[in-house]
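# Understanding the architecture of this molecule
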Amino acid sequence: MPHAYPFLSTEQKKELSDIAQKIVAPGKGILAADESTGSVAKRFQSINADNTEENRRLYRQLLFTADDIEPCIGGVIFFHETLYQKTDDGKPFPELVKERGMVVGIKVDKGVVPLAGTNGETTTQGLDGLYERCAQYKKDGADFAKWRCVLKITDTTPSELAIMENANVLARYASICQMHGIVPIVEPEILPDGDHNLARCQYITEKVLAAVYKALSDHHVYLEGTLLKPNMVTAGHSSGQKNAPQEIAMATVTALRRTVPPAVPGVTFLSGGQSEEEATLNLNAMNQCPLGRPWALTFSYGRALQASALKAWSGKPENSKAAQQEFIKRAQNNSQAALGKYVSKGDTGAAAGESLYVANHAY
């Protein structure tokens, strides 16, 4: 029989749960601005902008200084480089974000690596040195973290090995974060690639989440001080099936109700290559879904908050205001969707209706 050796004091638990609750307060979600330098290169290439450290700083500054986003954005996920960058007038980005009432987060994984003996499956590396990195990041202003694991649906995957290994690595990461007062976002992403239908995605999502929460329990992770960042349940990208937001919402909320304990404060969905408008409509439908939802259902979007802003900016300083307007509009739309109050005005935005799908997406 396992014996409990509590590793968190009452004060530590309160700190973690307060941070998690603040991030997913009503109408708030997460801006995922943690694209790696390689991912930014692809985004900047699409707008013919040079992928320099200064351009990356200018672009992130534009997002972090946009007006009126405080009621919409509860937390911002940083990439390592961004955590140590400053505004034009010398204010560190984390300080700026905190002053605006948002929580600072940091991506801590080191990317996916092949899992030998599987059909192209992966695990995520980065546990080595994570204990020390978390201690440093906490000192440098980060109060939550993100770690992404990736699974894919084919006739033979995800395998039992991939499910168990990724669940275990997420639990180890979560436990290390909590020891340092950092709220872990647990992200077991099931890629949208494939020709599977909605029902198969729901089935696999339930199996993966059940394994993840069993692992978190085994590792004594304090659930009230965590957040979940899952995929929405959708049919595979090459299935040719397009489900209505209400169907996606019903399948997703059902999967979550079967697997995610009510102790978890919030579920912050990844957009998974959906267009900006789709991601908002689907989130809105979940918050209107007639099933009980004990957790906040909100967003942790990268591309689905930034695509129109990036296009409007196009690497030109004179376009900064226009880009901010696009970002503000998306943040407000998703804030409304997190409350189930979004009313679509059609695809408005420089890239609102464009598919943001990238096959085999890597951060």
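Everything that follows concerns the structure shown earlier in this document.
Note that the structure is a prediction, hence the values are computed from the model and not measured.

### Section: the overall build of the protein chain
Assigned secondary structure in the protein chain consists of twelve helices and ten strands. Its C-alpha radius of gyration of 19 Å places the protein chain within 12% of the 21 Å reference for a compact globule of 363 residues. Here the C-alpha coordinates of the protein chain stretch approximately 65 × 50 × 40 Å along the principal axes. Within the protein chain, contacts between residues separated by at least 24 positions form 80% of all contacts whose residues are at least 6 apart in sequence. Of the roughly 14600 Å² of accessible surface on the protein chain, 52% is carried by carbon and sulfur atoms. Distance from the positive charge centre (38 side chains) to the negative charge centre (40 side chains) of the protein chain: 2 Å.

### A few points about the pairing of strand β9 (residues 266-269)
What you see with β9 is no split at all: G266 and T268 on one side and V267 and F269 on the other are buried throughout. In the sheet, β9 pairs with strand β10 (residues 296-301) via four bridges, with the strands oriented parallel. Residue pairing for β10: G266 is matched across the bridge by A296. Read as a crossover between parallel neighbours, the route from β9 over helix α10 (residues 276-286) to β10 is right-handed.

### Quick look at the nonpolar core
Counting 109 residues, the largest nonpolar core has F64, I73 and Y173 as the members making the most contacts within it. Apart from residues no more than four positions distant in its own chain, I73 is found in contact with K28, G29, L31, M102, F299, L305 and A331.

### A look at helix α2 (residues 37-46)
Looking at α2, one finds that the buried residues are S39, V40, R43 and F44. Angularly, the buried residues of α2 cover 135° about the axis, an arc narrow enough to put them on a single face. Against the buried residues of α2 lie α3 (53-64) and α11 (303-313). With its phi angle positive at about 55°, N48 sits one or two positions after the end of α2.

### Looking at the packing of aromatic side chains
One pass over the structure, following the stated rule, counts seven aromatic pairs. With a centroid separation of 5.6 Å and an interplanar angle of 55°, the aromatic rings of F44 and W313 are classed as tilted. In this pair, F44 is assigned in helix α2 and W313 in helix α11, connecting sequence segments 269 residues apart. As far as burial versus exposure is concerned, F44 and W313 are alike and both buried. Within the aromatic cluster, the residues linked to one another by ring pairs are F44, Y59 and W313.

### Let's talk about the side chain of E189
Here E189 shows up in strand β7 (residues 183-190). A residue is classified by how much of its surface remains accessible, and E189, at 4% relative accessible area, is buried. A distance of 2.8 Å separates a polar atom in the side chain of E189 from a polar atom in the side chain of R148. Setting aside residues no more than four positions away along its own chain, E189 makes contact with R148, C149, V150, L151, N231, L270 and G272.

### So, the environment of L291
Mapped onto the fold, L291 is located in the loop between α10 and β10. When the C-alpha atoms of L291 and A249 are compared, they prove to be 9.8 Å apart, with 42 residues separating the residues in sequence. With residues up to four places along the chain from it excluded, the contact list for L291 reads M250, V253, T254 and R257.

### Section: the side chain of N166
Examined against the element boundaries, N166 turns out to sit in helix α7 (residues 160-179). Residue N166 is classed as buried on the basis of its relative accessible area of 2%. Sequence-distant contacts of N166, that is, excluding residues within four places in its chain, are made with T122, T123, T124, C149, V150 and L151.

### A word on the packing of α10 against helix α12 (residues 320-338)
Running from N to C, α10 and α12 cross one another at 20°; their axes reach a closest spacing of 7 Å. Classified by the angle their axes make, α10 and α12 are roughly parallel. The two elements α10 and α12 cross, and the hand of that crossing is left-handed. For the pair formed by α10 and α12, the contact residues are E276, E277, A279, T280, L283 and N284 on the first element and R330, N333, N334, Q336, A337 and A338 on the second.

### Quick word on unusual backbone geometry
Residue P158 is bonded to the preceding T157 through a cis peptide linkage, with omega at 5°. With respect to the element layout, P158 can be found in the loop between β6 (144-151) and α7. Positive phi outside glycine occurs at H220, with the angle close to 60°. Its location among the elements puts H220 in the loop between α8 (198-218) and β8 (227-228).

### Considerations on the pattern of salt bridges
Where charged atoms from two side chains of opposite charge come close, those side chains can pair. Here the structure, examined in full by the defined rule, presents 20 salt bridges. Here K98 and D143 are joined by a salt bridge, their closest N and O atoms 3.7 Å apart. On the criterion of sequence distance, the pair formed by K98 in helix α5 (residues 93-99) and D143 in the loop between α6 (130-139) and β6 is long-range, its members being 45 residues apart. A relative accessible area of 17% places D143 in the buried class. Overlapping salt bridges, with partners in common, bring together D34, K146, R148, E187 and E189 in one network.

### Side note on a nonpolar patch on the surface
Residues F7, Y131 and M179 make up a contiguous nonpolar surface patch of about 270 Å² in total accessible area. Take Y131: it is sitting in helix α6.

Conventions adopted
- Throughout this description, residue numbers start from 1 for each chain and increase along the sequence as written.
- Local features in a predicted model are, by the rule used here, given only for residues with pLDDT of at least 70; side-chain atom pairs are given and counted only at 80 or more, and totals for whole chains, interfaces and linings are based on all residues.
- Hydrogens and water molecules were not included; the side-chain quantities draw on all heavy atoms of the structure.
- Secondary structure elements follow DSSP: runs of H or I of four or more residues count as helices, runs of E of two or more count as strands, with numbering from the N terminus.
- Throughout, the radius of gyration refers to the C-alpha atoms, and the reference size of a globule is 2.2 Å times the residue count to the power 0.38.
- Throughout, a contact is declared for two residues whenever any of their heavy atoms are within 4.5 Å.
- For accessible areas, the Shrake-Rupley method is used with a probe of radius 1.4 Å. Any residue's cover is judged against the shown protein chains and nothing else.
- The positive count covers Lys and Arg only, the negative count covers Asp and Glu only, and His and the chain ends enter neither.
- Positions of charges follow a simple convention, taking NZ of Lys, CZ of Arg, CG of Asp or CD of Glu.
- The classification of residues rests on relative accessible area computed with a 1.4 Å probe and restricted to protein chains. Under 20% of the type maximum is buried, over 50% is exposed, and intermediate values are partly exposed.
- Strand pairing is defined by DSSP finding a minimum of two bridges between the two strands.
- Assignment of crossover handedness uses the view with strands pointing away from the viewer, where a clockwise path from the first strand over the helix to the second indicates a right-handed crossover.
- The set of buried Ala, Val, Leu, Ile, Met, Phe, Trp, Tyr and Cys residues whose side-chain atoms join them within 4.5 Å is what this entry labels a nonpolar core.
- To obtain the arc, one takes the directions from the helix axis to the C-beta atoms.
- Centre distance within 6.5 Å is the pairing criterion for rings of Phe, Tyr and Trp, where only the six-membered ring of Trp is used; planes under 30 degrees apart are then read as stacked, over 60 as edge-to-face, and the remainder as tilted.
- As used in this structure description, the phrase polar contact means that two N or O atoms lie within 3.5 Å; if the pair is within protein, one of them must be able to donate a hydrogen and the other to accept it, and residues adjacent in sequence are counted only when both atoms belong to side chains.
- Where helices are involved, their axes are fitted lines through C-alpha atoms of the stretch in contact, as for all axes, and angles between N-to-C directions lie from 0 to 180°.
- Relative orientations are named as follows: roughly parallel for angles under 35 degrees, roughly antiparallel for angles over 145 degrees, roughly perpendicular for angles from 65 to 115 degrees, and oblique for any other angle.
- In this scheme the handedness of a crossing depends on how the near helix is turned from the far one: anticlockwise by less than a right angle means left-handed, clockwise means right-handed.
- In what follows, salt bridge is the name for a side-chain nitrogen of Lys or Arg lying within 4 Å of a carboxyl oxygen of Asp or Glu.
- Exposure above 30% relative accessible area and no salt bridge define the residues that can form patches, which grow by joining like charges within 9 Å and nonpolar side chains of Val, Leu, Ile, Met, Phe, Trp and Tyr within 5 Å.

Taken by themselves, the reported measurements are silent on function.
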